[in-house]
Amino acid sequence: MADQQTNTGQSNFTQVVSLLRQAESLLSSVSNSDNTAPNSSTVTENSNVDSVPSVATTSTSSDRSLANFRSLFSSYNRGSFRQNSSRASSAPPPKRKRTLSQFVPKDTWILELFCLADRHQNYQPTRGRKCDLQLAGLGKKKIVFKKDGSASAFVGKLKEYFPKLQNCGGFEILRSGASNKDLVVIHPPPSGYSVPFLREASGLGQALAYIRPIQSSLNMDQVQPNSSQVLLA
């Protein structure tokens, strides 16, 4: 890049020197033509009439010399203008300011729950048992709750999605333990299992929650599969 700029500078310098020499030659020719022109103060009255064409010829020659002088620099000026224009056109466009959209938090919370059938079960079911629970209308389901859902709304939605919970005498929520096979009970506050409690205070987060009946186990009769997998509480 530096060598290219150096070569360009040398080329421009050589061109300027050549133009100056040509200009000097033209100016010398104009000066010589002016010196050889007749002096009006030394000619007679009759010769003044005859010298008019000579003076006109000298003036025309000077105009031509001036025109030639200007033409010498016209190409150089035109090239500089084109170079400046190309630089201006190649300039990058101004950057646009980005507008940041305001973040709007969601007012819902998605929780995956797995409904067990045995009220004494304290470990995660096997793969085969999971398939049987799904066929019985239990197993894993995904429900969308409102973030401020009360305990009654939470219980009502679970009974709506797992109808067999309505006649079991209550249920409790569990989560996986330290070994990822054992299940640990999440003890509810006096107000019951509410969405704010499960989301913020229980430590459950986005982990899978298990539902276990308390008084009586749920029957394993198969039911028609429900096409809806997500309900809004």
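For the structure, check the block above.
We now turn to the structure provided with this report. Treat the numbers as computed from the prediction; the structure is a model and nothing was measured.

Side note on the overall build of the chain
(1) Moving on: The secondary structure content of the chain amounts to five helices and five strands.
(2) Moving on: The buried share among the 233 residues of the chain stands at 25%.
(3) Moving on: In the chain, 76% of the contacts between residues at least 6 apart in sequence involve partners at least 24 apart.
(4) Moving on: Within the structure as shown, the chain displays about 16300 Å² of accessible surface, and the carbon and sulfur contribution to it stands at 52%.

A look at the nonpolar core
(1) Moving on: Core analysis: the largest hydrophobic core is formed by 31 residues, its most contacted members being Leu113, Phe145, Phe154, Leu158, Leu165, Ile173 and Ile211.
(2) Moving on: Breaking this core down by element, the ones donating at least two residues are strand E1 (108–115), strand E2 (139–146), helix H4 (151–161), strand E3 (171–176), strand E4 (183–186), helix H5 (195–201) and strand E5 (209–213).
(3) Moving on: Considering every element that reaches this core, the biggest residue donor is E1, with five residues.

Quick look at the pattern of salt bridges
(1) Moving on: Scanning the model with the defined rule gives three salt bridges in all.
(2) Moving on: The salt bridge involving Glu160 is made with Lys157; its shortest N-O contact spans 2.9 Å. You can see Glu160 and its partner Lys157 sitting in helix H4, three residues apart, about one turn around the helix.
(3) Moving on: Arg199 is the salt-bridge partner of Glu200, the closest N and O atoms lying 2.8 Å from each other.

Topic: the sheet that holds E5
(1) Moving on: With mixed pairing, the five strands of this open sheet are ordered in space as E2-E1-E5-E3-E4. The open sheet is flanked by E2 and E4, the only strands paired with a single partner. Across the sheet, the axes of successive neighbouring strands diverge by a mean angle of 40°, strand direction being ignored.
(2) Moving on: Across the sheet, H4 is in contact with E1, E2, E3 and E5; its angle to E2 comes to roughly 140°.

Things to note about the packing of aromatic side chains
(1) Moving on: Here the structure, examined in full by the defined rule, presents four aromatic pairs.
(2) Moving on: Taking the centre distance of 5.7 Å and the plane angle of 50° together, the rings of Phe114 and Tyr210 count as tilted. Taken together, the residues Phe114 in strand E1 and Tyr210 in strand E5 connect sequence positions 96 residues apart.
(3) Moving on: Since its relative accessible area comes to 3%, Phe114 is described here as buried.
(4) Moving on: A residue is classified by how much of its surface remains accessible, and Tyr210, at 4% relative accessible area, is buried.
(5) Moving on: Centroid distance Tyr193 to Phe197: 6.5 Å. Interplanar angle 45°. Geometry classified as tilted.

Quick word on the pairing of E3
Every other side chain in a regular strand lies on the same face of the sheet, so the side chains alternate between the two faces.
(1) Moving on: With four bridges joining them, E3 and E5 adopt antiparallel strand pairing. Along E5, the bridge assignment pairs Leu174 with Tyr210.
(2) Moving on: Hairpin connection between E3 and E4: a loop of six residues separates the two successive antiparallel strands, and Asn180 in this loop has a positive phi of roughly 65°.

Considerations on a positive patch on the surface
(1) Moving on: Together, Arg127, Lys130, Lys140 and Lys142 make up a region of like positive charge exposed at the surface.
(2) Moving on: Among the elements of the structure, helix H3 (127–135) and E2 are those that each provide at least two residues to the positive patch.
(3) Moving on: In this fold, Arg127 is placed in helix H3.
(4) Moving on: The exposure class of Arg127 is exposed, given its relative accessible area of 73%.

Let's talk about H4
(1) Moving on: The set of residues buried in H4 consists of Ala151, Phe154, Lys157, Leu158 and Tyr161. Projected down its long axis, H4 shows its buried positions confined to an angular sector of 135°, all on one face.
(2) Moving on: Here the buried face of H4 lies against E1, E2, E3, H5 and E5.

Let's talk about the environment of His120
(1) Moving on: Within the secondary structure, His120 is located in the loop between E1 and H3.
(2) Moving on: Residue classification places His120 among the exposed residues on the basis of a relative accessible area of 53%.
(3) Moving on: Sequence-wise, His120 and Ser216 are 96 residues apart; in three dimensions their C-alpha atoms are separated by 9.4 Å.
(4) Moving on: Within the local environment of His120, its side chain forms a polar contact with the side chain of Arg119, the two groups lying 3.4 Å apart.

What counts, and where the lines are drawn
- Within every chain, residues take consecutive numbers counted from 1 along the sequence as written.
- Since the coordinates come from a predicted model, pLDDT governs what is reported: local features require at least 70, and pairs of side-chain atoms require 80 or more to be given and counted, while whole-chain, interface and lining totals use all residues.
- The side-chain quantities take in all heavy atoms of the structure and omit both hydrogens and water.
- The numbering of helices and of strands both runs from the N terminus, where a helix is a DSSP run of H or I of at least 4 residues and a strand a run of E of at least 2.
- For every residue, the accessible area (1.4 Å probe, protein chains only) is compared with the maximum for its type, and the residue is labelled buried under 20%, exposed over 50%, or partly exposed between those bounds.
- The contact criterion used is simple: two residues touch if any of their non-hydrogen atoms lie within 4.5 Å.
- Here the accessible surface of atoms and residues is derived via Shrake-Rupley with a 1.4 Å probe, and residues count as covered only by protein chains that are part of the display.
- What we call a nonpolar core is a set of buried Ala, Val, Leu, Ile, Met, Phe, Trp, Tyr and Cys residues that are connected through their side-chain atoms within 4.5 Å.
- For this analysis, a salt bridge means a side-chain nitrogen from Lys or Arg found within 4 Å of a carboxyl oxygen belonging to Asp or Glu.
- Strands are treated as partners if at least two bridges between them are detected by DSSP.
- For helices, the axis comes from a line fit to the C-alpha atoms of the stretch in contact; other axes are also lines fit to C-alpha atoms, and the angle between any two N-to-C directions lies between 0 and 180 degrees.
- Two rings from Phe, Tyr or Trp (for Trp, the six-membered ring) form a pair when their centres are within 6.5 Å of each other. A pair whose planes differ by under 30 degrees is stacked, one over 60 is edge-to-face, and the rest are tilted.
- Residues with no salt bridge and a relative accessible area higher than 30% make up the patches, which join like charges within 9 Å and nonpolar side chains (Val, Leu, Ile, Met, Phe, Trp, Tyr) within 5 Å.
- When charges are tallied, Lys and Arg are placed among the positive residues and Asp and Glu among the negative ones, while His and the ends of the chain are skipped.
- Note on charges: their place is set at NZ of Lys, CZ of Arg, CG of Asp or CD of Glu.
- Read the arc as the range of directions from the helix axis to the C-beta atoms.
- In protein, a polar contact means a hydrogen-donor-capable atom and an acceptor-capable atom, both N or O and within 3.5 Å, with residues adjacent in sequence counting only if both atoms are side-chain atoms; elsewhere, any N or O pair within 3.5 Å suffices.

In short, geometric facts, not functional conclusions.
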